[in-house]
Amino acid sequence: MRLALVWLLAIMLAACGDTDAPLPAEPSPDDVAERIERLQPPALPALDWKRLIDPTPIPRAIPQTIPASPVPGSLLLRPEVRYAPRPVSPAESPELVETPALNVEVPASRPISSVRHRGEADLPLLAIIIDDVGHGLSQGRRIIALPAPVALAILPHTLAARQLAEEARQAGRTVMLHLPMENQGGTSIGPGGLYAHMSQAEFQRVLNENLDSFQGIQGVNNHMGSLLTTLRPQMDWLMQELKMRGLFFVDSRTSAQTQAAGAAAARGLPHLSRHVFLDNLRTPDHLNRSFDEAVRRARKEGYAVMIGHPYPETLAFLERRLSGLEEREGVRVVPVETLLDGQSRSD
């Protein structure tokens, strides 16, 4: 472009001057292109602005390593694995109830002589005990209001123990001491616990404190106790005191090696053994199956003993199932002591 302007200026000057002077030759297109190319600035290489900012090589894909889960896939689908709550002490929540450390179904022994096999009109009889009562009034009152004479097994030294024992007694419900005993797993058993290392004097002192912690106790059953109930000396100490007080004993059977029934029989103490745990799982299907098993046992043997816990699901289930049970299924729910024979409990 500049060369063209120079050439045009030369022509104009020539026109103004010597008309005979030869005109400069018009440059060829190739000359113009060559000269224009020489006037262009040198080409710069393309810049990688990401490299200028961060010279670290950027990989196309970042590999991700997912660690293998220590929990089998099937367990990850279970709510209790995914959402396991932190244990809360009774002091933090008065309504909390403690789940037994070992809550497995153990086949009970055959009926013993201190059991009534048939009730009025030869109906199968079913006794129901609700363990772990005493942490909250609302739970205990809901048990008392059930449409059947369900027994309350109350933990010693709990916040609502005395009040619930009195209300249950006034309502004609069976009041039991749910006696804490040492378990195999070392789980805490709460206040008033009886342990294998105790001397006989200490054992009897703690036992009597528990028996005196609230009024109206008619019988006792073990809270946990998968270790202590297997020790015959300790069971003999227990049955000796219960015999003196005129109480009965129900073995929760948290161990297949339990010595409790044998110790009670040796003392002539009225006693029973649990046949079915109602609420190892709290799903409607499991609750129905467990209750049906207790009914079948009652029809076969003439009686059955079932133990549950004051979970909301359990109480809601019992409120529905116990209503009209005798008319609907021909099984009568009776107080625990009804299953015991008429022998004296004090001689």
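For clarity, every value in this text was computed on a predicted model and none was experimentally measured. (Residues numbered from 1 in each chain as written. Predicted model: local features only at pLDDT ≥ 70, side-chain atom pairs only at ≥ 80, totals over all residues. Heavy atoms only, no water.)

### A look at the packing of helix α8 (residues 200–211) against helix α9 (residues 232–245)
In contact at an axis separation of 11 Å, α8 and α9 are set at 40 degrees when each is read in the N-to-C sense. With respect to their mutual orientation, α8 and α9 come out oblique. For the pair α8 and α9, the crossing hand works out as right-handed. Contacts from Q200, F203, Q204, L207, N208 and L211 in α8 reach Q234, W237, L238, Q240, E241, L242 and R245 in α9. Considering only residue class, the contact of α8 with α9 consists of six nonpolar, five polar and two charged. (Axes fitted to C-alpha atoms, helices over the stretch in contact; angles between N-to-C directions. Helix = DSSP H or I, 4+ residues; strand = E, 2+ residues; numbered from the N terminus. Parallel < 35°, antiparallel > 145°, perpendicular 65-115°, else oblique. Left-handed = near helix turned anticlockwise from the far one by under 90°. Contact = heavy atoms within 4.5 Å. Nonpolar A, V, L, I, M, F, W, Y, C, P; charged D, E, K, R; others polar.)

### Concerning the pattern of salt bridges
Taken as a whole, this structure holds 14 salt bridges when the rule is applied. Notably, a salt bridge pairs R328 with E329, separated by 3.6 Å at the nearest N-O pair. On the accessibility criterion, R328 (47% relative accessible area) is partly exposed. Here E329 falls in the buried class, since its relative accessible area comes to 18%. (Salt bridge = Lys/Arg side-chain N within 4 Å of Asp/Glu carboxyl O. Buried < 20%, exposed > 50% of the residue type's maximum accessible area, 1.4 Å probe, protein only.)

### Thoughts on the side chain of S290
Within the secondary structure, S290 sits in helix α11 (residues 284–301). Using a relative accessible area of 8% as the deciding quantity, one classes S290 as buried. Ignoring anything within four residues of it in the chain, the contact list for S290 reads V276, F277, L278 and M306.

### Concerning α8
Compared with an ideal rise of 1.5 Å per residue, which puts twelve residues at 16 Å, α8 spans 16 Å between its outermost C-alpha atoms and is within 8% of the ideal. Inspection of α8 places F203, V206, L207, N210 and L211 among the buried residues, and these make up the whole buried set. The buried residues of α8 occupy an angular sector of 140 degrees when projected down its axis, which confines them to one face. In the core, the buried residues of α8 are packed alongside β3 (175–181), β4 (219–224) and α9. (Expected span 1.5 Å × (residues − 1). Arc of directions from axis to C-beta.)

### What to know about unusual backbone geometry
You will see that D132, though not glycine, has its phi angle at about 60 degrees, which is positive. Under the relative-accessibility criterion, D132 is labelled buried at 0%. Here R253, not a glycine, exhibits a phi torsion of approximately 55 degrees, which is positive.

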